[in-house]
Every structure is written in C-alpha cells, then in structure tokens.
Amino acid sequence: MPTFAFRMRLPFHIIQLLKEKSGNALRIPSDCEYLSLDIESKTGVRIGATTLKRLVGFAQDEREPHTSTLDAIARYLGYAHWEELSQIEDKGNSDFDAPDDEIRSADLQPDANVEIAYLPDRRLKLQYLANQRYRVVESENSKLWVGDEVEIQNFVLHHPLLVLNVWRNGESLGQFTAGRVSGLSSITIL
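What you see is a predicted model, and the numbers here were worked out from it, not measured in a lab.

## What about the sheet that holds strand E5 (residues 149-151)?
Consideration 1: Pairing within the open sheet is antiparallel, and its seven strands lie in the order E8-E7-E5-E4-E3-E2-E9. What marks the edges here is a single partner per strand, and that holds for strand E8 (171-178) and strand E9 (184-189). Each neighbouring strand pair of the sheet contributes to a mean axis angle of 30°, computed without reference to strand direction.

## Topic: the packing of helix H2 (residues 31-43) against helix H3 (residues 49-56)
Consideration 1: One way to put it is that H2 packs onto H3 with a least axis distance of 8 Å and a crossing angle of 110°. On the basis of the axis angle, H2 is roughly perpendicular to H3. Crossing angle aside, the handedness with which H2 passes H3 is right-handed. Taking contact as the criterion, the partners of Cys 32, Glu 33, Leu 35, Ser 36 and Ile 39 in H2 are, on H3, Ala 49, Leu 52, Lys 53 and Val 56.

## Here we look at the nonpolar core
Consideration 1: Membership of the largest hydrophobic core comes to 23 residues, with the highest contact counts inside it found for Ile 116, Leu 126, Tyr 134, Val 150, Ile 152, Phe 155 and Leu 161.
Consideration 2: Breaking this core down by element, the ones donating at least two residues are strand E2 (113-118), strand E3 (122-130), strand E4 (133-140), strand E7 (161-168), E8 and E9.
Consideration 3: With residues up to four places along the chain from it excluded, the contact list for Leu 161 reads Ile 116, Ile 152, Asn 154, Phe 155, Phe 176, Thr 177, Ala 178 and Leu 184.
Consideration 4: Counting residues in each nonpolar core, the second largest holds 21 residues, with Ile 15, Ile 39, Ala 74 and Tyr 76 among its members.

What counts and what doesn't
Residues numbered from 1 in each chain as written. Predicted model: local features only at pLDDT ≥ 70, side-chain atom pairs only at ≥ 80, totals over all residues. Heavy atoms only, no water. Pairing = 2+ DSSP bridges. Helix = DSSP H or I, 4+ residues; strand = E, 2+ residues; numbered from the N terminus. Axes fitted to C-alpha atoms, helices over the stretch in contact; angles between N-to-C directions. Parallel < 35°, antiparallel > 145°, perpendicular 65-115°, else oblique. Left-handed = near helix turned anticlockwise from the far one by under 90°. Contact = heavy atoms within 4.5 Å. Core = buried A, V, L, I, M, F, W, Y, C linked by side-chain atoms within 4.5 Å. Buried < 20%, exposed > 50% of the residue type's maximum accessible area, 1.4 Å probe, protein only.

Don't take any of this as a statement about function, it's just geometry.
Spelled out as structure tokens, the structure:
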C-alpha cells in the first residue's frame, strides 16, 4: 500500500469536496450512512458508514484506509484514482478553516476546554480528556454535574448535544441529550 500523508482522516479539502458532491454537510455521524449510500449508488462500490466516520473525523483510528476505498472515493468525486485526487490543490483551505458552527472531538488536544450553551439558560464548560471523553468543570442549570465524565463525538451549533454516555462517580448513567428543541445556542473553544 502507498504511504499517505494522513492516517485515517481525509485531508480537510477532500472532506469539503465530499460535502459539496453529496449535498450532505456531514455534521453528525449518521450523515455518513447517507454518504455511504450515495457513493455506492454512483460508483457501485460499498464503503461502510463506520469507515466513512473514521475518514471524515467522527472517530479516531490509526489504521490506514485500503487503496480500494480511497480509489472509490476518488471515482465518486470524478477522478480516475486516489493518486490523481490526492494531487489536487488545497486551494487555501486548512484545518484552521473548519466551520465555526462545529467542533469535533477528533480535532481537539487533551486539556482543551469547550463551553456550550442551550436554552433556556443552560451552560456547560467541558475539559477534553481524550478519546471523545470530557470532564464537566462548570455546570449552570444542567442535569450534568461538575465532575461528571461524558463521551461526545462532536458539538454542532443549532443541533442537540448527543452525549453517548455519562459517568457519575464511576457509574455509567447511559446516554443524555441536551438542547433537544432548539439545539446548542453557542459553542466555543476556550
């Protein structure tokens, strides 16, 4: 297999091309299921949603993608093969150009702090630990307590916060959803 300049996540500008081609914003993990179906309908090649989640950054994984997977993505985007697609210019995009309305855990470094707010008057400050896990360091009017640990893949402005698991005093409390009606009103990396 050729050596790639990335591990499992695609370069930002190629993710942008996937968003444009599919008409799918790829804001939440389940969007990868629709992308999988679209790629299969246009190329005849099935790329699993789990693989796409890793490729666009919803999950961390150190495995390199198969050449056939990368070639299928290239064909979907109108290129003959991956080597041709990987030669296209970035055109000025960089990871610093990530959308202001989304934060992905896969992009954060340990000890980063994320502050979110949602209606009616809820606010949380979370410290990133690693592997999609955070510790609640401040909580105003929320059912989450200071000291809780939570698992979160991403934060998307105006979408509900989906917490995959909450641990309180070492005990798993299960899933939690915040901002069900109007979503997150603000998200900030501090």
